[in-house]
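So the chains spell out like this:
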Amino acid sequence: MKLKNLAATLAAALLGVSGVAQGAEVLRTENASMNVGGRLQLLGFAQKLDDGARNDERLYLFLKQGRLTLSGNVDDWRYGVMLAFGGEDEIKAPTPGISLGLLDMYVDIPVKVLGNSYVRVGQFRVPYGRERLTESGTLLFADRSIQNLAFRVGRDVGATFHTQAGPVVAGLGIFTGGGRDIPERYLPQTLGTPMVVLRAGVDTGIGEDVFATRDLQAMPDKLQMAFFVNGLYVKDSLVGHSTVFNTKSSEKPLLINGNWNPFVAQAPFNLGSLWQAGADVAARAPVGPGVLSGEVEANLGVYQNLYGSIRVAGGRAQVAYQWNPVQVALRYALVLPDERFAVGEAPITGRRSMQEVTPSLTYSFKGFGAKIIADLPIQLGAPVIFEEAVGSYVLTEQPDQTTLLKKGAPISRQNVVAARLLVQASF
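About the cut-offs
- Residue numbers restart at each chain and count upward from 1, following the sequence in its written direction.
- Selection of residues for local features in this predicted model requires a pLDDT of at least 70, selection of side-chain atom pairs for listing and counting requires 80 or more, and totals for whole chains, interfaces and linings are taken over all residues.
- The basis for every side-chain value is the complete set of non-hydrogen atoms in the structure, without hydrogens or water.
- The helix count covers DSSP runs of H or I at least four residues long, the strand count covers runs of E at least two residues long, and both are numbered beginning at the N terminus.
- Values of the radius of gyration come from C-alpha atoms, whereas the globule rule sets the reference at 2.2 Å times the count of residues to the power 0.38.
- Any residue under 20% of the maximum accessible area for its type is buried, any over 50% is exposed, and the rest in between are partly exposed; the area is computed with a 1.4 Å probe on protein chains only.
- Residue contacts are counted whenever heavy atoms from the two residues lie within 4.5 Å of one another.
- Shrake-Rupley sampling with a 1.4 Å probe provides the accessible areas, and residues are treated as covered by the protein chains on show and by no other component.
- Charged-residue counts in this description rest on Lys and Arg as positive and Asp and Glu as negative, His and the chain ends being excluded.
- Where a charge lies is defined by one atom per residue type, namely NZ (Lys), CZ (Arg), CG (Asp) and CD (Glu).
- By definition, no residue in a patch forms a salt bridge, and every one has over 30% relative accessible area; like charges are joined within 9 Å, nonpolar side chains (Val, Leu, Ile, Met, Phe, Trp, Tyr) within 5 Å.
- In the sections that follow, a salt bridge refers to a side-chain nitrogen of Lys or Arg positioned within 4 Å of a carboxyl oxygen of Asp or Glu.
- Strands pair, by our definition, only if DSSP identifies at least two bridges between them.
- Only buried residues count toward a nonpolar core, which is a set of Ala, Val, Leu, Ile, Met, Phe, Trp, Tyr and Cys residues joined through side-chain atoms within 4.5 Å.
- Between rings of Phe, Tyr and Trp, where Trp is taken as its six-membered ring, a pair exists when centres lie within 6.5 Å; planes separated by under 30 degrees are stacked, by over 60 edge-to-face, and by other angles tilted.

Caption draft 1: Spotlight on the overall build of the protein chain. Along its length, the protein chain carries 4 helices and 24 strands. Radius of gyration (C-alpha) of the protein chain: 22 Å, near the 22 Å computed for a compact globule of 427 residues. In terms of overall dimensions, the protein chain has C-alpha extents of about 60 × 55 × 40 Å along its principal axes. By the burial criterion, 49% of the 427 residues in the protein chain qualify as buried. Long-range pairs, those at least 24 residues apart, make up 66% of the contacts in the protein chain with a sequence separation of at least 6. When the accessible area of the protein chain is evaluated, it comes to approximately 19,400 Å², of which 61% is carbon and sulfur surface. Once the 40 positive and 38 negative side-chain charges of the protein chain are each reduced to a mean point, those two points are 2 Å apart.

So, in structure tokens, the structure goes:
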């Protein structure tokens, strides 16, 4: 089936789904409430690159997301739950089991003596980085940019104190550093330092907290801005036969991926450290009949242990114009890799930058409960690895394929062009 026909079929199947993205209230009593929401995403994906063994053109169809959310309150306590089904990554945890797809489960406990302040406890997004904190259902593109690969932190288990006083918003959290969906285990260990994370900033009207950016669909009546700074530090811990960094099963940034960082998994293990710092700004304002918005984000990360150190820098900038029900956007992303990214003695990237330019077009239906996003990500200088008699893999999309370097597979830099069509329905 041609991609054009595929897009039409997907759109027709989903546009009849009603509802709004905020979810539906299913319970309200004198002291409690519950909202239920869900999201379905279908992704059609076409790509072109040089492949010495198979077709240069590729075509895929995925159920990208199938999610269910619960949220509400009991008295002054707030709670949230998010479950992932469908085609999302399965987290293969160490024995004794595998993940059942839990993304979030947390409770916000009010600290009344400090005003609008809470302590969030459970499993939830680590408050770091604007792009990573943007809910995937409100992205202006079919997926996050390549800079997410380098700096993603994702979800973890821990607690965060967060507060808001006028325009000032801040959160300070402590997490295990081992990621989400970790099974109960009792292993010998040498403790390092848990992940300590800070996100703080000023919001003059967008209405954000430290855990999530907001859906920018509503029309503002004046200029709105938000500026935040982020920082995190964690020192690895020896756990059983490995370390926390090396057993983290999902959402690893490149700096602690043993298939990119030659020092993090080097034996005998020692207590390496990771820190990241960044800043981001967002602005939106009414312009003509619609809304003009923009975002800029920059990050720097460093890993070091007794064997060596490695660092990566990067950033992202995007601009969008919304004129209901149409929204157009353009995004640029950049990653400056460390020349020491390698598998054994085989280098992966050298110093040459990895860049991505992505224009997009969104059309929304049903009060933004359903929408179609078409975008065209163009990667400039993407590292591509070739497996003999099988074909080529774009390493920014499948970073763990670098293990092929152990078999002598060559790496080249290519300009990779793709076209994506995302159909989303939510309630």
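That was the structure; now back to the text.
Caption draft 2: Looking closely at the side chain of Asn148. In this fold, Asn148 is placed in helix 3 (residues 147–151). Judged by relative accessible area, Asn148 falls into the buried class, the value being 11%. Excluding its chain neighbours within four sequence positions, the residues that come into contact with Asn148 are Glu131 and Arg132.

Caption draft 3: Focus on a nonpolar patch on the surface. On the surface, Leu172, Ile174, Val196 and Leu198 cluster together into a nonpolar patch covering about 320 Å² of accessible area. Of all the elements in the fold, those that place two or more residues in the nonpolar patch are strand 8 (168–175) and strand 10 (193–203). Counting through the fold element by element, Val196 comes out in strand 10.

Caption draft 4: Structural context of the sheet that holds strand 13 (residues 242–243). Taken in spatial order, the 3 strands of this open sheet run 9-12-13, and their pairing is antiparallel. Looking at the sheet topology across the chains shown, the edges are occupied by strand 9 (189–190) and strand 13. Relative to strand 12 (residues 238–239), strand 9 runs antiparallel, the two sharing 2 bridges. Each bridged residue has a counterpart across the sheet, and for Gln189 the counterpart in strand 12 is Val239.

Caption draft 5: Geometry of the pairing of strand 8. Side chains Val169, Gly171, Gly173 and Phe175 of strand 8 all project onto a buried face; the interleaved residues Val168, Ala170, Leu172 and Ile174 project onto a face where none is buried. By the bridge criterion, 8 bridges tie strand 7 (residues 155–165) to strand 8 in an arrangement that is antiparallel. Considered in strand 8, the bridge of Phe161 is made with Leu172. Where strand 7 folds back onto strand 8 in an antiparallel hairpin, the turn is made up of 2 residues, including Gly166, whose phi is positive at roughly 65°. With 8 bridges joining them, strand 8 and strand 10 adopt antiparallel strand pairing. Looking at the pairing, Phe175 lines up with Met195 of strand 10.

Caption draft 6: Region of interest: the pattern of salt bridges. Throughout the structure, instances matching the rule amount to 24 salt bridges. One salt bridge connects Arg331 with Glu131, and the closest N-O pair in it is separated by 3.8 Å. Taken as a pair, Arg331 in strand 17 (residues 326–336) and Glu131 in helix 2 (residues 130–133) lie far apart in primary sequence, 200 residues in all. By the burial criterion, Arg331 is buried, and Glu131 matches it. One salt-bridge network, in which partners are shared between bridges, spans Glu131, Glu295, Glu297, Arg316, Arg331 and Glu356.

Caption draft 7: Region of the structure containing the nonpolar core. In this structure, Leu274 and Tyr303 are the most contacted members of the largest nonpolar core, which totals 44 residues. Of all the secondary-structure elements, those providing two or more residues to this core are helix 3, strand 8, strand 10, strand 11 (224–235), strand 14 (273–287), strand 16 (308–323) and strand 17. In terms of residues, this core owes the most to one element, strand 11, which gives 4 residues. Those residues in contact with Tyr303, other than ones at most four positions away along the chain, are Phe245, Leu255, Ile256, Asn261, Phe263, Val264, Gly272, Ser273, Leu274, Gly308, Ser309 and Ile310. Core analysis: the second largest hydrophobic core is formed by 5 residues, Leu49, Ala382, Val394 and Val416 among them.

Caption draft 8: Expanded view of the packing of aromatic side chains. Going through the model one piece at a time under the given rule, you end up with 8 aromatic pairs. Where Phe124 meets Phe175, the ring centres are 5.4 Å apart and the plane angle is 65°; that geometry is what we call edge-to-face. Remark: Phe175 occurs in strand 8 and Phe124 occurs in strand 6 (residues 117–125); sequence separation between them is 51 residues. You'll find Phe124 and Phe175 in the same group, each marked buried. Judged by centre distance (5.5 Å) and plane angle (90°), the rings of Phe124 and Phe211 are edge-to-face. Taken as a pair, Phe124 in strand 6 and Phe211 in the loop between strand 10 and strand 11 lie far apart in primary sequence, 87 residues in all. Its relative accessible area of 0% is what places Phe124 among the buried residues. Given a relative accessible area of 4%, Phe211 falls into the buried group. Chaining the aromatic ring pairs together yields one cluster made of Tyr106, Phe124, Phe175 and Phe211.

This is a description of form; function is not addressed.
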